[in-house]
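A structural walkthrough
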Amino acid sequence: MESYLPILYFAAVGAVFPIAILVVMALVRPKRPNPAKLAPYECGVAAPTDAWDHRFSVRYYLIAVLFVVFDVETVFLFPWAVVYDKLLLFGFVEMAVFLYILVLGYVYVWKRGALSWA
Amino acid sequence: MTLTLSEPLFNALLAVVKILFVWAMTLAALLPNLIWAERRVSGLIQDRPGPNRVGPLGLFQAVADVLKLMMKEDVVPLYVDKVLFTLAPLITLTPALVTFAVIPFGSSIPITWNGAVRDVPLVIADVNVGILYIFALTSLAVYGIVLAGWSSNDKYSLLGGVRASAQIISYELAMGFSAAGVFIAAGSLRLPAVVEWQHAHLWNVVPQFLGFVVFAVAIFAETNRIPFDLSEAEAELVAGYHTEYSSFRFAMFFMGEYANLIAASAVVTTLYFGGWSLPGVAFTGLWGGLASIAVFAVKTAAFIFLFLWVRWTLPRFRYDQLMELGWKVFLPLSFFHLIAVAAFVAASGR
Amino acid sequence: MSTTTPSPTLAFAPLLERKFGEKAAPEARPAADVPTIAVDASALHDVALFLRDDPSARFDLFLDLAAVDRLKLAGPASYRAGERFAANYLLYSTERNEHLRVRTTAPAADPKLPTLTDVWWGANWFEREAWDLMGITFEGHPNLKRLLTHNGFVGHALRKDYEAGQRWLCTEEDVLQTDLAAQTETPEDVFETLTLNFGPSHPSTHGTLRVVMRCDGETIVAAESECGYLHRCFEKMSETHTYQQVIPYTDRLNYCSPMINGSGYARAVESMLGVEIPERARAVRTVLAEFSRLMDHMVCLGANLVDIGALTNFWYAFQAREEIYSLLEACCGARLTSSYARIGGLSNDVPENFVEWCRRLVKLCHNQIREVDGLITKNRIAQKRFRDTGVVTKEQALAWGFTGPCLRASGVAYDVRKDAPYDWYDRVDFDVPIATEGDNFARYLVRMEEMRQSLRIVEQVVAKLPNGPVNSDDYRVVLPPKEMVYNEMEGLIYHFKVVFEGIPVPAGEIYSYTEGANGELGYHIVSDGTGRPYRVKVRPPCFPLFASFEKIIRGGMVSDAVATLGTLNIIAGELDR
């Protein structure tokens with residue numbers, strides 16, 4: 001785990017640096033709020049509805065679900081890729097079967113129109 | 001009197017020095033210069049001078065810009081989700097900066113310690129998950145954008161946020177599949193190992209050209225730049241997810257984008273263009289180590305230039321076209337590429 | 001005004017008389033004006049249908065509705081009672097290349113006319129405008145509400161008894177969004193879809209106009225547009241200024257090509273006066289009008305391409321524009337609002353190196369067009385963005401009252417420069433590019449080719465630019481030269497009269513049209529014989545384009561709407577006047 005330590009330092013500095021600027025600069029920044037400034041931007045008219053009043057389209061959600069499915073597959077791929085030079089033919093066949101199932105699912109999703117936006 | 005240091009302390013010190021070095025490179029040197037370079041390159045492409053007043057050749061323009069942004073009023077609209085609104089730019093910027101931790105930026109430098117000479121590898125953290133770490137961080141950056149879009153409680157921001165999330169996750173798949181080919185070749189997820197393999201054999205771009213193309217396009221999409229800047233798309237969504245952001249909070253997104261750009265260029269260089277290596281050149285000793293850093297920097301800069309060039313040349317995709325390209329073109333291509341590489345390696349026995 | 005001749009024989013006149021008798025009769029008009037038929041309001045709708053559908057008429061394009069309040073116009077007493085309001089419908093037949101004015105009247109008390117929106121959809125916004133500014137109610141109109149003024153406005157501004165200078169508080173009552181909500185089928189829809197507000201202050205509206213759209217995901221299911229944010233009372237102001245003083249206002253109509261507006265207006269007044277302008281002035285007007293058209297197209301394409309993300313083209317396009325501005329500046333001293341045309345000619349002669357300057361510009365423009373062409377025309381992303389988006393079929397374009405590049409991109413080859421040549425257009429050789437797809441890409445291509453044709457015209461005119469004066473020597477109209485004013489009694493009197501009384505335009509009426517950068521630019525001017533116009537009505541080419549915008553974008557995506565808004569080239573200054 002020791003090799004991860006530098007990352008921790010790195011992340012800490014990476015987070016502290018912007019926060020520090022935000023805090024320090026707050027001392028010199030002007031602050032003159034007014035109602036128009038604090039309203040959400042709506043191209044110059046008063047917003048009749050909040051963005052949170054609407055649901056967003058199910059299509060975005062669909063993409064997210066598909067992503068989760070396929071992304072899990074990629075996670076399986078990486079360890080396989082690392083030891084592939086030891087598995088060779090066995091690994092190839094094994095992964096071919098795995099990918100075949102994956103592609104089947106992919107084709108199914110495509111045919112069902114889940115990948116078409118409009 | 002000789003200074004004696006315990007082993008862990010020495011390692012920690014080494015890490016700090018390396019972090020400082022990388023930070024100096026990225027934050028102090030590259031990032032401002034990149035903002036300047038972007039504007040000068042766009043000026044060059046667009047037949048105009050670009051910024052040339054602040055400092056020699058306008059080099060201090062970026063510094064002036066960031067200073068200006070720091071001094072600006074920080075407007076937080078009334079109806080936003082305050083916690084997430086504050087957190088979002090941090091979630092974008094920090095991972096973008098931390099990505100550099102696993103990228104080897106040079107071969108190694110000999111350092112004498114306790115009488116013994118040891119080669120210090122020029123990478124901040126040589127972790128065995130290497131590329132997974134990078135994928136994890138780039139996925140984290142999506143959260144920043146999505147949360148910014150949602151917490152702003154503004155319709156353009158919201159649309160920008162959902163666009164970004166769908167776009168980035170779609171291209172991440174193609175990116176993952178195409179990168180797997182590189183690790184089959186190298187037999188390790190460690191980025192130094194990938195570079196060393198390329199140093200010993202061949203730059204990956206040659207045998208895995210298709211993978212390189214898919215990976216490069218996907219990483220363009222990940223960095224949210226034209227032709228993939230749909231989450232900002234100023235003509236449609238005003239400023240997309242950062243419509244409501246001002247002052248330094250906006251600057252954080254801004255710097256995050258550029259830090260991502262540098263990181264993306266560094267990753268492509270490492271995976272496909274041999275990182276710090278040059279074919280047939282052995283980088284040994286102190287001067288060799290420094291030269292390898294220079295090689296790496298030049299390669300990365302070339303990629304950064306490519307990024308800038310593309311941005312000022314191409315139009316932007318439409319949302320559905322972008323998704324179809326990702327799911328129906330690049331994903332199958334990356335499948336195909338992976339199988340082809342695996343088959344080739346299995347057939348050749350190595 | 002020159003001789004009054006009977007209207008040119010209207011092919012459909014006998015049939016019209018047989019069908020409608022006295023209710024629709026051709027009127028005698030001066031030759032410079034368009035043929036006119038006077039129609040009784042009760043028969044208006046039937047006459048309109050006849051004019052649109054009868055094979056001998058076929059007036060398929062609705063151009064304009066110019067309403068005139070005749071309250072203070074010298075004439076019969078009926079002008080103050082039963083026939084106070086005159087509504088002039090301007091029509092065009094693309095088949096027979098003929099303009100026609102249909103005039104009907106409405107009484108002073110509760111003026112009402114049947115709507116023609118169901119005959120030509122393009123009448124929609126023109127009727128709204130007439131209701132808004134003149135107070136004529138159009139019975140059966142689907143959406144008769146304020147357009148150029150706001151909801152807090154009381155009265156009708158262009159009526160002669162409306163006192164200018166009154167102030168009405170503009171409340172923030174948002175009619176548009178309420179209306180849009182009313183279009184939903186179920187209350188659930190309001191929740192399921194996102195109402196997105198584009199404008200008045202949005203990066204892609206290039207001016208202050210507004211579109212509210214309801215989107216399902218990113219697909220637009222309903223939209224409504226609104227203009228009037230930039231309304232500067234051009235028409236009302238014209239009525240209190242002399243004919244010459246109106247010219248600077250015309251610059252602000254379509255501010256991308258002010259020269260075309262100015263010379264179009266000057267031409268209208270010149271036709272009323274019967275003044276012939278010198279050849280040199282005509283030639284220079286032609287050259288500068290073509291350069292202006294080029295600038296307009298450059299701005300349109302440059303901004304349009306920025307909207308689809310191709311940022312660099314903007315600079316390539318604007319480079320040419322800046323250089324053309326320099327030429328205009330050398331001619332008249334102003335870059336944007338040139339005010340160069342004068343009634344009877346031009347304000348002053350062009351610089352000595354005009355011809356070489358033009359040739360240099362032609363070369364530069366060709367180069368800039370090539371740059372944009374190389375970056376965009378064959379670019380696959382640009383093609384994907386432009387092709388099959390914002391499609392307007394030929395039938396739709398005609399029904400909606402399109403003219404100019406947008407109409408030509410839908411397959412109708414109507415160009416005033418070819419079909420009713422003015423200035424030098426009959427002496428030069430040029431082509432009118434058309435496309436049949438009617439999508440954004442077609443409009444892009446048509447504009448690109450039009451720019452090349454404009455350069456062709458410039459080259460030809462410049463090659464034979466005549467020498468001589470640039471102003472008419474009719475000193476009732478044109479200020480006499482200074483030497484004459486200071487040395488001769490007559491000169492001083494002319495000067496005095498032109499400055500103090502204005503140009504005495506004979507009483508009468510004209511519809512004069514030229515090809516603006518966006519389509520047919522018409523001026524409908526009514527004179528009461530004094531030095532100030534009684535009524536000026538502009539036919540802004542953008543107006544029908546933007547009126548139909550909400551119909552074009554429905555079913556497309558938000559990004560398509562942005563691209564379409566750009567290729568239609570909506571210019572708010574012209575839209576609102």
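The structure displayed is predicted, hence computed values, not measured ones. (Residues numbered from 1 in each chain as written. Chains lettered and ligands numbered in written order. Predicted model: local features only at pLDDT ≥ 70, side-chain atom pairs only at ≥ 80, totals over all residues.)

1. Here's the deal with the overall build of chain C
To keep it simple, the criterion reads: Think of it this way: any DSSP run of H or I at least four residues long counts as a helix, any run of E at least two long counts as a strand, and we number them from the N terminus. Throughout, the radius of gyration refers to the C-alpha atoms, and the reference size of a globule is 2.2 Å times the residue count to the power 0.38. Working definition of a contact: two residues with C-beta atoms, positioned from the backbone, lying within 7 Å.
Each helix and strand in chain C was counted, giving 22 helices and 17 strands. Against the compact-globule benchmark of 25 Å for 577 residues, chain C has a radius of gyration of 24 Å, which places it among compact chains. For chain C, the share of sequence-separated contacts (at least 6 apart) that also reach a separation of at least 24 residues comes to 68%.

2. Here's the deal with the overall build of chain B
Let me state the cut-off plainly: Using C-beta atoms placed from the backbone, we call a residue buried if 20 or more other C-beta atoms fall within 10 Å of its own, exposed if 12 or fewer do, and partly exposed for counts in between.
Along its length, chain B carries 11 helices and two strands. Overall, chain B shows an N-to-C arrangement of helices and strands of α-α-α-β-β-α-α-α-α-α-α-α-α. Taking 20 Å as the expected radius of gyration for a compact globule of 350 residues, we find that chain B reaches 21 Å, a close match to that expectation. Dimensions of chain B along its principal axes, counting C-alpha atoms only, are 60 × 60 × 45 Å. Per-residue burial for chain B yields a buried fraction of 57% across its 350 residues.

3. Quick look at the sheet that holds strand β17 (residues 533–539) of chain C
Residue and element names in this part refer to chain C. Put simply, the rule is: Should DSSP find at least two bridges between two strands, the strands are taken to pair. Axes, fitted as lines to C-alpha atoms, cover a helix only where it is in contact. Angles between the N-to-C directions of the axes lie from 0 to 180 degrees.
Strand order in the open sheet formed by three strands is β15-β16-β17, with antiparallel pairing between adjacent strands. Strand pairing shows two members of the sheet lacking a second neighbour, β15 (508–516) and β17, which therefore form its edges. Geometrically, the sheet is characterised by an average inter-axis angle of 15 degrees between neighbouring strands, direction not taken into account. Both strand β16 (residues 519–527) and β17 contribute to a ladder of six bridges, which runs antiparallel. Among the inter-strand pairings, Val 526 is bridged to a residue of β17, identified as Arg 535. Each of β15 and β16 is contacted by helix α8 (residues 258–273), which is oriented at about 150 degrees to β15, the strand it contacts most.

4. Some thoughts on the interface of chain B and chain C
Often, the extent of an interface is quoted as the loss of accessible area upon association of its parts. The cut-off we apply is this: Ten residues, namely Ala, Val, Leu, Ile, Met, Phe, Trp, Tyr, Cys and Pro, are considered nonpolar, four, namely Asp, Glu, Lys and Arg, are considered charged, and the remaining ones, Gly among them, are considered polar.
In this assembly, 22 residues from chain B lie in contact with 26 residues from chain C. Taken together, the elements giving at least two residues each to the side of chain B that touches chain C come down to α8 (234–237) and α11 (319–348) of chain B. Within the side of chain B that touches chain C, the residues separate by chemical class into 10 nonpolar, three polar and nine charged.

5. A closer look at helix α3 (residues 58–82) of chain A
Within an α-helix, residues lying three or four positions from one another point in the same direction, as the helix has 3.6 residues per turn. Cut-off, in case you're wondering: Here a helix's expected span is defined as the number of its residues, less one, multiplied by 1.5 Å.
When the terminal C-alpha atoms of α3 of chain A are compared, their 37 Å separation across 25 residues agrees well with the 36 Å that a helix rising 1.5 Å per residue should span. Looking only at α3 of chain A, the buried set comprises Arg 59, Ile 63, Leu 66, Phe 70, Thr 74, Leu 77, Ala 81 and Val 82 of chain A.

6. Description of the pairing of β16 of chain C
The two faces of the sheet receive side chains in turn, since in a regular strand these alternate between them. Residues and elements named next belong to chain C. Across the nine residues that make up β16, a large majority, nine, are buried. When β15 meets β16, the two strands line up antiparallel, connected through nine bridges. In the sheet register, Tyr 511 faces β16, and the bridge partner there is His 524. Once β15 ends, the chain turns through two residues before running back antiparallel as β16. The antiparallel hairpin formed by β16 and β17 contains five residues in its connecting segment, where Gly 529 sits at a positive phi of about 90 degrees.

7. Considerations on the interface of chain B and chain A
Taken together, the contacts link 61 residues of chain B with 51 residues of chain A. Counting only elements with at least two residues in the side of chain B that touches chain A, the list comes to α1 (7–45), α2 (61–71), α3 (82–98), α5 (155–186), α9 (247–272) and α11 of chain B. In terms of residue count, the dominant contributor to the side of chain B that touches chain A is α5 of chain B (13 residues).

8. Some thoughts on the packing of helix α7 (residues 209–222) of chain B against α11 of chain B
Residue and element names in this part refer to chain B. Short version of the rule: Definitions for this section: a left-handed crossing has its near helix turned counterclockwise from the far helix by less than a right angle. A right-handed crossing has that turn clockwise.
With their axes 9 Å apart at the nearest point, α7 and α11 run at an angle of 145 degrees to one another. For the crossing formed where α7 meets α11, the hand is left-handed. Between α7 and α11, the contacting residues are Leu 210, Gly 211, Val 214, Val 217 and Ala 218 on the first element and Phe 330, Leu 333, Ser 334 and His 337 on the second. Looking at the contact of α7 with α11 residue by residue, the class counts come to six nonpolar, three polar and no charged.

9. Comments concerning the sheet that holds strand β7 (residues 98–106) of chain C
Residues and elements named next belong to chain C. Sheet architecture is open: five strands sit in the order β2-β4-β7-β6-β5, paired in mixed fashion. Looking at the sheet topology across the chains shown, the edges are occupied by β2 (24–27) and β5 (61–69). Averaged over all pairs of adjacent strands, the angle between their axes in this sheet comes to 25 degrees, without regard to strand direction. Where β5 and strand β6 (residues 85–93) come together, eight bridges link them in antiparallel fashion. Bridging across to β6, Asp 69 finds its partner in Phe 85. In this fold helix α3 (residues 123–134) packs onto β5 and β6, with an angle of close to 10 degrees to the strand it touches most, β5.

10. A closer look at the packing of helix α9 (residues 279–307) of chain C against helix α16 (residues 440–463) of chain C
Residues and elements named next belong to chain C. Counted only if it meets this: Any angle that falls under 35 degrees is termed roughly parallel, while one over 145 is termed roughly antiparallel, one within 65 to 115 roughly perpendicular, and all others oblique.
The geometry of α9 relative to α16 is characterised by a closest axis approach of 9 Å and an angle of 155 degrees between their N-to-C directions. Put simply, α9 runs roughly antiparallel to α16. Crossing of α9 against α16: the hand is left-handed. Contacts from Ala 283, Thr 286, Val 287, Glu 290, Phe 291, Arg 293, Leu 294, His 297, Cys 300 and Leu 301 in α9 reach Tyr 444, Arg 447, Glu 450, Met 451, Ser 454, Ile 457, Val 458, Val 461 and Val 462 in α16. Considering only residue class, the contact of α9 with α16 consists of 12 nonpolar, three polar and four charged.

11. Points about the confidence of the model for chain B
Quick reminder of the rule: The score called pLDDT rates the predictor's confidence residue by residue, from a low of 0 to a high of 100.
Of all residues in chain B, 95% have pLDDT values of 70 or greater, and the mean over the chain is 80. Looking over chain B, one finds the lowest element-wise mean pLDDT in strand β2 (residues 116–121) of chain B, namely 71, and the highest in α7 of chain B, namely 87.

12. Digging into the environment of Ala 57 of chain C
Residue and element names in this part refer to chain C. With respect to the element layout, Ala 57 can be found in the loop between α2 (44–53) and β5. On a C-alpha basis, the gap between Ala 57 and Ala 13 in space is 9.0 Å, while along the polypeptide they are 44 residues apart. Setting aside residues no more than four positions away along its own chain, Ala 57 makes contact with Phe 12, Phe 50, Leu 51 and Ser 93.

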